[in-house]
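Summary of the model geometry
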Amino acid sequence: MATLKFLYRSKKQFGPLTARLRYANHGKLTTLEAKTKITTTKKEFDQLGNKNTKDLQIRQRQKELNDKLTPLQHHILEQFAITKKAHINREWLVDVLYKYHHPITVDEQITYWIQKIINEASTRDNRKGGIGLGSGRIKQWENTLKLFKEFSGPRIYK
């Protein structure tokens, strides 16, 4: 079972929160930390745990901060659950945070890979066992990309 806490580790008045992930790996407690893109002030973060405050502005800011942290916490723990523990390290946590803050849609992935095939056409293996795709094959990939963009419109493919 993993636990995730958010910490304010900056010495400045306004700074990013740090995500701290702790889990047991073969009986050994492992701790990973990485900075998030969620920023706040030290005073607001300290008041986050105070549920009995009567100040309306503080309560609204607490709600805003919790609304940002809760989905991030669920995302990290969900990714932790589906990843093998051997692959979990600090770079993994940084990558999970980056993908949370910069999501890639499926359409972007499809067009990216088709464009990558077109760009690498001269270095790709062809059917005859040689290197480099022919001009006809490149035109077919370009046409596929054009048609996908034309007909996909606002739809999102999953």
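Provided above is the structure to which this section pertains.
Computed from a predicted model, the values in this text were never measured in an experiment. (Residues numbered from 1 in each chain as written. Predicted model: local features only at pLDDT ≥ 70, side-chain atom pairs only at ≥ 80, totals over all residues. Heavy atoms only, no water.)

**Notes on the packing of helix α2 (residues 56-82) against helix α3 (residues 90-101)**
We count it as follows: Here the axes come from fitting lines to C-alpha atoms, over the contacting stretch only for helices, and the angles between their N-to-C directions go from 0 to 180 degrees. Here a strand is any run of E in DSSP of at least two residues, a helix any run of H or I of at least four, and the numbering for each starts at the N terminus. Any angle between 65 and 115 degrees counts as roughly perpendicular, while under 35 counts as roughly parallel, over 145 as roughly antiparallel, and the rest as oblique. Crossings are classed by handedness, with left-handed meaning an anticlockwise turn of the near helix from the far one by less than a right angle and right-handed meaning a clockwise turn. Residue contacts are counted whenever heavy atoms from the two residues lie within 4.5 Å of one another. All residues other than Ala, Val, Leu, Ile, Met, Phe, Trp, Tyr, Cys, Pro, Asp, Glu, Lys and Arg, Gly among them, are scored as polar; the first ten of these are nonpolar and the last four charged.
It is the contact of α2 with α3, at a shortest axis distance of 10 Å, that shows an interaxial angle of 130°. Taken together, the axis directions place α2 and α3 in an arrangement best described as oblique. Where α2 crosses over α3, the two elements pack in a sense that is right-handed. Contact with α2, carried on its side by Lys68, Pro71, Leu72, His75, Ile76, Gln79 and Phe80, involves Trp92, Leu93, Val96, Leu97 and Tyr100 of α3 and no other residues of that element. Taken together, the residues of the contact of α2 with α3 break down into 9 nonpolar, 2 polar and 1 charged.

**Here's the deal with the nonpolar core**
Inclusion rule: In plain words, nonpolar cores are sets of buried Ala, Val, Leu, Ile, Met, Phe, Trp, Tyr and Cys residues tied together by side-chain atoms within 4.5 Å. We call a residue buried when its accessible area falls under 20% of the maximum for its residue type, exposed when it is over 50%, and partly exposed in between, using a 1.4 Å probe and counting protein chains only.
In terms of nonpolar packing, the biggest core is built from 23 residues, with Leu21 and Ile76 touching the most fellow members. Broken down by secondary-structure element, the contributors of at least two residues to this core are β1 (3-8), β2 (14-25), β3 (28-41), α2 and α3. Considering each element in turn, this core owes the most residues, 5 residues, to α2. Setting aside residues no more than four positions away along its own chain, Leu21 makes contact with Ala2, Thr3, Leu4, Thr30, Thr31, Leu32, Leu77, Phe80 and Trp92.

**Quick look at the sheet that holds β1**
What counts here: By definition, two strands form a pair when at least two bridges between them are found by DSSP.
The 3 strands lie next to each other as β1-β2-β3, forming an open sheet whose pairing is antiparallel. Where the open sheet ends on each side, the last strands, each with one partner, are β1 and β3. On average, each strand axis in the sheet is tilted by 25° relative to the strand beside it, whichever way the strands run. In terms of strand pairing, β1 meets β2 through 6 bridges, oriented antiparallel. Within β2, the residue paired with Phe6 across the bridge is Ala19. Docked against the sheet, α2 engages β1, β2 and β3, running at close to 145° with respect to β3. Contacting β2 and β3, α3 runs over the sheet at an angle of about 30° to β3.

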